[in-house]
Amino acid sequence: MTATEERQLRRALHGSLQSVSPPPVPLEAIVRRGKVIRLRRAGAAAGAIALAGLVAVAVTGLAPRGSQPSAVPPAAPAITAGPDGVFASGTADGHPWRLAVQNIADPGYRCLPAIVLNGTDADPVYPAPGNAASTTLGQAGRGVAFAFIQLPDRVGGVIVNGHQNVPAVIVNACGYRYRLVGFSYSLARALRITLAKPYPGWSADVFVPTPATVGGSTPAEGLWINTYTAPGATASATLASGVLPGGQGWIIKLQFDPGGDCYEFDGQNSTGSTQMGYCGPVSTPAGPETIMALPLGFDEPGVGAVGYAFQVSPGTARVRAVLDNGSSVLAMPRIVDGRKYVALVVPSPRSLHRLIWLDAAGRVMASTTAVPRYGYTQFQP
């Protein structure tokens, strides 16, 4: 091959290599592209463990080179709940359920946050890492309980009974920030909760009070059992008072806190006083009303009464109680911590036949004859 032919062959090979080789890519573009790929993979992994259709995007921070590990781990990634405040949901015993944080005060009053189950059965608690609680429902979930745990910022989640990994969810409500996990569990076996990762100052096992741990008896359905670290709304007030036909004085009081709507019916007569107290589930303004009946007997023969107390919907102006003989008692609501309550007394031997809810114009909003003689029943106006 001549020198001229060799130079021509080299030019042809060089031209063909240029036509198939991509232009050089700047290093900065390569780094950015790598970050996009890693973030997408992290988002897909978080989506695979998302609870109740909520998707988490995990962002990983890198420590500076040469830095020493801290005794407290970095803040763990968490899912953020939507505006409805739902942080857990699922199906139990064939029935859907959901846990959320929402305002349970009537419109126009100070925001009152609470954790609610299926839009009612509220637990008025504020953010308190370490607090945990559980409750049960009625026919729509026999043998199943529901629980939540408030976690510190640097705990990413918990493991339920060794296999269910539940990530933390951030909920913002009433100006507060909650970091929560929520789940359902079977009452047929012991409940065990462990941290997904170790955290300084916390035991690997997390205590959650369950219905089986309360004095050997099952508490009322819809009442939350909290740990002692649970701060919340605590309000007390006298709802109504009066004198029975026989001259006995009476008073009905309310204590509203994480233990529920707790009522006390006190009666005074010539020989002293008697009391009847009971707690019922805390409802929401749009939820069912828990009608509590508190029978109270006096020492004098043939003398007694039943006290009734319940929270009413925001539009309720009065409640009329119709007795078995056709007479009636009119009760006015009392505002306690931004919520309306009604209380009245039916003296013996009369019995309550019907309750009627009236609005400000005196129109009937709802009525029911399903009233208890003891304990409570729930009614949706």
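Just so it is clear, the model here is predicted, and its values are computed rather than measured.

Undergrad: When you look at the overall build of the protein in this model, what are you seeing that I'm missing?
TA: When its secondary structure is counted, the protein shows two helices and 27 strands. Counting the 381 residues in the protein, one finds 44% classified as buried. Just so you have it, the protein exposes about 19,500 Å², and 56% of that area is on carbon and sulfur atoms.

Undergrad: Help me understand the state of the cysteines, please; the structure alone is not making it clear to me.
TA: In a disulfide, the sulfur atoms of two cysteines are held together by a covalent bond. Overall, the coordinates contain two disulfides when judged by the stated rule. The disulfide bridge from cysteine 111 ends at cysteine 174, spanning 1.9 Å between sulfur atoms. Taking the sign of the torsion about the S-S bond as the criterion, the disulfide between cysteine 111 and cysteine 174, at about -60 degrees, is left-handed. Residue cysteine 111 is found in the loop between β3 (95–103) and β4 (113–117), and its partner cysteine 174 is found in the loop between β10 (169–173) and β11 (176–186); the two are separated by 63 residues along the sequence. A relative accessible area of 23% means that cysteine 174 is categorised as partly exposed. A sulfur-sulfur separation of 2.0 Å characterises the disulfide bridge that pairs cysteine 262 with cysteine 279. Between cysteine 262 and cysteine 279, the S-S dihedral sits near 105 degrees, and the bridge is therefore right-handed. Here cysteine 262, found in strand β17 (residues 260–269), pairs with cysteine 279, found in strand β18 (residues 272–280); they are 17 residues apart in sequence, far enough to count as distant.

Undergrad: Would you mind going over the sheet that holds strand β6 (residues 132–136) with me for this structure?
TA: Note on sheets: strands pair through backbone hydrogen bonds, and any given pair is parallel or antiparallel. Spatial strand order, β1-β10-β11-β7-β6-β14: six strands in an open sheet with mixed pairing. In this open sheet, the two strands that pair with only one neighbour each are β1 (79–80) and β14 (225–226). Direction of pairing for β6 relative to strand β7 (residues 144–150): antiparallel, over a ladder of five bridges. For serine 134, the partnering residue across the bridge sits in β7 and is alanine 147.

Undergrad: So what exactly am I meant to see when it comes to the nonpolar core here?
TA: Among soluble globular proteins, nonpolar side chains are generally buried collectively. Core analysis: the largest hydrophobic core is formed by 32 residues, its most contacted members being Ile104, Leu239, Phe256, Tyr263 and Phe265. Where this core is concerned, the elements lending two or more residues are β4, β15 (235–243), β16 (249–257), β17, β19 (289–297), β20 (304–312) and β24 (339–347). Phe87, Leu117, Ala133 and Trp224 belong to the second largest nonpolar core, which has 23 residues in total.

Reading guide: rules and limits
- Residues numbered from 1 in each chain as written.
- Predicted model: local features only at pLDDT ≥ 70, side-chain atom pairs only at ≥ 80, totals over all residues.
- Heavy atoms only, no water.
- Helix = DSSP H or I, 4+ residues; strand = E, 2+ residues; numbered from the N terminus.
- Buried < 20%, exposed > 50% of the residue type's maximum accessible area, 1.4 Å probe, protein only.
- Areas by Shrake-Rupley, 256 points an atom, 1.4 Å probe, with all protein chains shown as cover.
- Disulfide = S-S within 2.5 Å.
- Pairing = 2+ DSSP bridges.
- Core = buried A, V, L, I, M, F, W, Y, C linked by side-chain atoms within 4.5 Å.

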